[in-house]
Amino acid sequence: QVHLVESGGGLVQAGGSLRLSCKASGLNFRLHPIAWYRQPQGQQRNLVARMGADGSVNYSDAVKGRFTVSRDNIRRTGYLQMNSLKPEDTAAYYCHTIRQGQDFWGRGTQVTVSP
């Protein structure tokens, strides 16, 4: 069974930084992409950043230049470094991967950015 567990969310002032972690189990982590999505309250869930198994990355325009996605295949953990945070970054952040065409999600971690 694949499990993804996020951590690292919290309350931070605008301009601050946070690093989210996503610990994976139940799959050969290095062979699968790791992605971060976010969902503001009452809104849809959207892709923030993604790192493929080959190390390729892509970011949403809203976070490009401020957020960095990375992974440690030995620790089976994905990361999202978030700098220069803005109030509009406030959302629940979810870790995601795909294995054999099936989507797997973590339970999310809340990030709140105060003005």
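Whatever comes next refers back to the structure up there.
An account of the accompanying structure is given in this report. This one's a predicted model, so the numbers in the text were calculated from it and none came from an experiment.

1. As for the overall build of the protein chain
Tallying secondary structure elements over the protein chain gives zero helices and eleven strands in all. Counting from the amino terminus, the protein chain carries its helices and strands in the arrangement β-β-β-β-β-β-β-β-β-β-β. Across its three principal axes, the protein chain shows a C-alpha extent of roughly 40 × 25 × 20 Å. A buried classification covers 43% of the 115 residues belonging to the protein chain. Here the analysis covers contacts within the protein chain between residues at least 6 apart in sequence; of these, 53% occur between residues at least 24 apart. Working note: accessible area of the protein chain is about 6,300 Å², and carbon and sulfur atoms make up 45% of it.

2. Here's the deal with the environment of D89
With respect to the secondary-structure elements, D89 resides in the loop between β8 (77–82) and β9 (91–99). According to the relative accessible area criterion, D89 is buried, its value standing at 0%. If we skip the residues at most four places from it in the chain, D89 touches R38, R66, F67, S84, V111 and V113.

3. Points about the state of the cysteines
One pass over the structure, following the stated rule, counts one disulfide. The side chain of C22 participates in a disulfide bridge whose partner is C95; the two sulfur atoms lie 1.9 Å from each other. Every disulfide takes its handedness from the sign of the S-S torsion; for C22 and C95 that torsion is -80°, giving left-handed. Linking C22 in strand β3 (residues 18–25) with C95 in strand β9, this pair joins segments that are 73 residues apart in sequence.

4. Structural notes on the pairing of strand β4 (residues 34–39)
Along any regular strand, the residues point their side chains to alternate faces of the sheet. Counting buried positions along β4 yields five of six residues, so the element is predominantly enclosed. Looking at chain direction, β4 and strand β5 (residues 46–51) are connected through five bridges and run antiparallel. Bridged to Y37 within β5 is L47. Between the antiparallel neighbours β4 and β5 lie six residues, among them G42 with a positive phi of about 80°. Direction of pairing for β4 relative to β9: antiparallel, over a ladder of five bridges. When the bridges of β9 are listed, R38 appears paired with Y93.

5. Here we look at the sheet that holds strand β1 (residues 3–7)
In spatial order, the strands read β1-β3-β8-β7; together these four strands make up an open sheet with antiparallel pairing. The sheet terminates laterally at β1 and β7 (67–72), the two strands that pair on one side only. Strand-to-strand, the axes of this sheet are offset by a mean angle of 15°, without reference to chain direction. Relative to β8, β7 runs antiparallel, the two sharing six bridges. Bridge pairing in β8 links D72 to T77.

Parameters and conventions
Residues numbered from 1 in each chain as written. Predicted model: local features only at pLDDT ≥ 70, side-chain atom pairs only at ≥ 80, totals over all residues. Heavy atoms only, no water. Helix = DSSP H or I, 4+ residues; strand = E, 2+ residues; numbered from the N terminus. Buried < 20%, exposed > 50% of the residue type's maximum accessible area, 1.4 Å probe, protein only. Contact = heavy atoms within 4.5 Å. Areas by Shrake-Rupley, 256 points an atom, 1.4 Å probe, with all protein chains shown as cover. Disulfide = S-S within 2.5 Å. Pairing = 2+ DSSP bridges. Axes fitted to C-alpha atoms, helices over the stretch in contact; angles between N-to-C directions.

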